[in-house]
Amino acid sequence: MSSGDYVVEAEGLGKRFGQRWAVRELDLAIERGTVCGLLGPNGAGKSTTLRMLLGLVRPSHGAVRLFGASLRDSRLHVLARVGCLIEAPAFYPHLSGRKNLEILGQLSGGVSAERIQATLERVGLGDRGEDRTAGYSTGMKQRLGLAAAILHDPEFVLLDEPLNGLDPPAVLLVRRLIRELAEKEGKTVLVSSHMLHEVELSCDHVVLLRSGRKVVDGKVTELLKPDHAQVAVRVDDAGPAREWLDAQAGVTKVTLEASEGEGVALLVDLGEGLGPAQLNRGLIEAGVEVSSLTPRRRTLEDLFEELIAEEASA
Amino acid sequence: MIGRLWTLYRVELSKLLARRLLWVGALGVILLSLAGPALSSAFAAAQAAAEGGEGGDAFQNGWTVLSASVSRASFLIWLLATVLAASSVAEEASWGTLRVVCARPVRRAEWIAAKVLSLWTLCSAALLLSVLAATLSAELAFGLYDVVDPLFPDRTVHTFGDMRWFVTAACAVSLIPLLALIALGTFCSTLVDHPGHATGAAVALLVVLSAAGGLSPGFEEHSFVSQLGLPFSLVSDLANQYTGKLREFNEDLPRVAWVSALWAVVGYQLAALRLGLRDVV
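Residues numbered from 1 in each chain as written. Chains lettered and ligands numbered in written order. Predicted model: local features only at pLDDT ≥ 70, side-chain atom pairs only at ≥ 80, totals over all residues.

Let us now look at the overall build of chain A. Secondary structure summary: chain A contains eleven helices and 14 strands in total. C-alpha extents for chain A along the principal axes are approximately 75 × 45 × 35 Å. Taken across its 314 residues, chain A has 38% of its residues classed as buried. Sequence-distant contacts in chain A: of pairs separated by 6 or more residues, those separated by 24 or more amount to 66%. (Helix = DSSP H or I, 4+ residues; strand = E, 2+ residues; numbered from the N terminus. Buried ≥ 20, exposed ≤ 12 C-beta atoms within 10 Å, placed from the backbone. Contact = placed C-beta atoms within 7 Å.)

Here is the structure:
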């Protein structure tokens, strides 16, 4: 892949505040047209990374290239192609939402009144544009922040915790918006979040930070590809079920799960030669009453838990 | 660069014009200037009463009232300029809009220049309004004529044309220390992210500069703080027929201009440097 295929390239990026490294030795490459999730617990260095990508914070080490150009040398040129929502959305409280967007549009090289109205409508604020932002709820400010980020039709959009303070309909709207930006408009989106499920649903690629260091970097489909099939089975009685499962060569592991409601839940790891259908038939033939059988997907939460467990054991 | 600066200037101007404080301040400046003759007469009567005399100031005329009115209104303008300049960047930091602006394709030094120039424009407009309002009220209350010696009415000390020139020159030169005040206020605004603390820092800086000027005549000559009110103070002296002040007027005004311009450049450079070097977190 050539350098032109990447919107963001960072090498050995690091930021030290006093004696503490907030980000350390971070290499980052984000492909054009993808949605990349920057994940990590609070204090992992996500916001500092985003700020370094925008030139708000000077790296103590390493360098950033956006659209193939050095951020330090071509700051104005590259920032004109970037839109962002950094941390909490911030606006001039004494001005209306529309006036705030007008100002930000002017700072980004000029945006038409029609474009401002269309953007307000896109984030569900079409009829609240004339209200002063001081009277906006947290969710409305977050929506206006998103509007400000995409207002000037940037090629690269950085969103820092875009789902904070949003109600469920707004979460759906933002999730759809992020996918649309990438799939329909060909934009590159970098979303920082600690909400693993949301990132899993909207991102193609994830980078996981922990204590300022990158611990995972890869495509979501590859990272979540199971190395073995796993099935959750709910049965009436665990005894006969385990007896039958332990006798099967195709079953590698059986775990008793915390159970709610009727019956017992077992988590079964399947090896070669045994699929969910054969498992179901075998259990029924062994006289076990199976009330549900659900193939398990690996999630980012599982991945995150595994990493924490690995670190703890190390 | 001019295009970018012009855009930023318009943005900053529109933000300032949306501030209620600015309009309240402008109204205060106009009212204070219009009330100039009444206030001057009241001060003259109070002074005469305190000294045991009967009448007011025999040398009071339209020009003395005009310069006194503008001097009083100027104090309000300096106050307004200090508060607005010192809170300009700090307020953006406290609202979080500093990072929003700095993440856009904006040069920080140009943004600071736009902030300084837009506030200077509005404060200059307030000063001009003050001069116009003071002229109107002085004309209505006393009339603006040649300045004559009250004991020898045939003797004209300064003609109407001379006085008009003194007022115009004083007004123009007063704008330069005003620019220095705004530039240094903006520098203070880049030091802390709290508008109140930044305003406190700006006021403290002015007090220190003023005190230093009081202690050292050499420094006073080269401090813009002591020269903020000097032009109209000289106009007042001239209208009061201190004829010897004419030479001082002609010598001091250019010094006020270049000294203040120097302070304005230093203040702007410090503000731009400080904002340019800091991390925006």
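The discussion continues.
Turning our eyes to something else, we now look at the overall build of chain B. Scanning chain B from terminus to terminus reveals eleven helices and two strands. Each helix and strand of chain B, ordered N terminal to C terminal, gives the series α-α-α-α-α-α-β-β-α-α-α-α-α. Along the first, second and third principal axes, the C-alpha atoms of chain B reach 70 × 40 × 40 Å. A total of 281 residues make up chain B; the buried ones form 43% of that total. Taking the contacts inside chain B whose residues are at least 6 apart along the sequence as the reference set, 80% of them involve residues at least 24 apart.

For chain A, the domain assignment lists domain 1 (3-223) and domain 2 (229-297). Each of domain 1 of chain A and domain 2 of chain A has a C-alpha centre, and the two are 44 Å apart. (Domains from an automatic or database assignment.)

Facing 23 residues of chain A, the contacting portion of chain B comprises 20 residues. Where the side of chain A that touches chain B is concerned, the elements lending two or more residues are helix 1 (46-54), helix 2 (75-79) and helix 3 (97-107) of chain A. At four residues, helix 3 of chain A tops the list of elements feeding residues into the side of chain A that touches chain B. Of the residues that constitute the side of chain A that touches chain B, the class distribution is 17 nonpolar, four polar and two charged. (Nonpolar A, V, L, I, M, F, W, Y, C, P; charged D, E, K, R; others polar.)

In this section: helix 4 (residues 62-95) of chain B. Residue and element names in this part refer to chain B. For helix 4, with 34 residues, the first-to-last C-alpha span of 47 Å sits near the 50 Å given by 1.5 Å per residue. The sharpest bend along helix 4 reaches about 45° and sits at Ser 88. The buried count for helix 4 comes to 28 of 34 residues, which makes it a mostly enclosed element. Note on helix 4: the residue one or two positions beyond its end, Gly 96, has a positive phi of about 90°. (Expected span 1.5 Å × (residues − 1). Bend = angle between axes of the 7 residues up to and from the residue.)

A separate point is the sheet that holds strand 6 (residues 82-85) of chain A. All names here are of chain A. Taken together, six strands build an open sheet; the order of strands is 6-7-8-3-9-10 and the sheet is mixed. In this open sheet, the two edge strands, each paired with only one partner strand, are strand 6 and strand 10 (213-219). Strand-to-strand twist across the sheet, computed as the mean angle between neighbouring axes with direction ignored, equals 15°. Direction of pairing for strand 3 (residues 35-39) relative to strand 8 (residues 188-193): parallel, over a ladder of five bridges. Opposite Cys 36, over in strand 8, you have Leu 190 as the bridge partner. Each of strand 6 and strand 7 (156-160) touches helix 5 (residues 138-150); the most contacted strand, strand 6, lies at about 170° to it. (Pairing = 2+ DSSP bridges. Axes fitted to C-alpha atoms, helices over the stretch in contact; angles between N-to-C directions.)

Quick look at the nonpolar core now. Where a protein is soluble and globular, its nonpolar side chains tend to be buried together. With 149 residues, the main nonpolar core has Ala 147 and Leu 158 of chain A together with Ala 81, Cys 123, Ile 182 and Ala 183 of chain B as its most contacted residues. Looking at which element gives the most residues to this core, the answer is helix 4 of chain B, with 16 residues. If we skip the residues at most four places from it in the chain, Ala 147 of chain A touches Leu 101, Thr 119, Leu 120, Val 123 and Leu 125 of chain A. Of all hydrophobic cores here, the second largest spans ten residues; its members include Val 233, Ala 241, Val 268 and Leu 283 of chain A. (Core = buried A, V, L, I, M, F, W, Y, C linked by C-beta atoms within 7 Å.)

What follows deals with helix 3 (residues 36-50) of chain B. All names here are of chain B. Taking 1.5 Å of rise per residue, the 15 residues of helix 3 would be expected to cover 21 Å, and the 21 Å separating its terminal C-alpha atoms lies within 8% of that figure. For helix 3, every residue scored as buried is listed here: Gly 36, Pro 37, Ser 40 and Ala 44. Viewed end-on, helix 3 has its buried residues packed into an arc of 95°, placing them on one side of the element. Set apart from the buried face of helix 3 by more than 90 degrees, the exposed residues are Ala 42, Ala 46, Ala 49 and Ala 50. On its buried face, helix 3 sits against helix 2 (20-34), helix 4 and helix 6 (108-141). Positive phi shows up at Gly 52, right after helix 3, with a value of about 85°. (Arc of directions from axis to C-beta.)

Here we take up the environment of Leu 120 of chain A. Residues and elements named next belong to chain A. With respect to the secondary-structure elements, Leu 120 resides in helix 4 (residues 113-122). Using a count of 21 C-beta atoms within 10 Å as the deciding quantity, one classes Leu 120 as buried. Spatially, the C-alpha atom of Leu 120 lies 8.6 Å from that of Arg 143, the residues being 23 residues apart in sequence. The contact partners of Leu 120, leaving out residues within four places of it in the chain, are Gly 97, Arg 98, Leu 125, Gly 126, Gly 129 and Ala 147.

For the rest of this paragraph, the subject is the sheet that holds strand 2 (residues 20-31) of chain A. Consider a sheet: its strands pair through backbone hydrogen bonds, and that pairing is either parallel or antiparallel. Residues and elements named next belong to chain A. Within the open sheet, the four strands sit side by side as 2-1-4-5. Their pairing is antiparallel. Each edge of the open sheet is held by one strand with a lone partner, namely strand 2 and strand 5 (69-70). As paired strands, strand 1 (residues 6-17) and strand 2 are joined by eight bridges and run antiparallel to one another. When the bridges of strand 2 are listed, Leu 13 appears paired with Leu 26.

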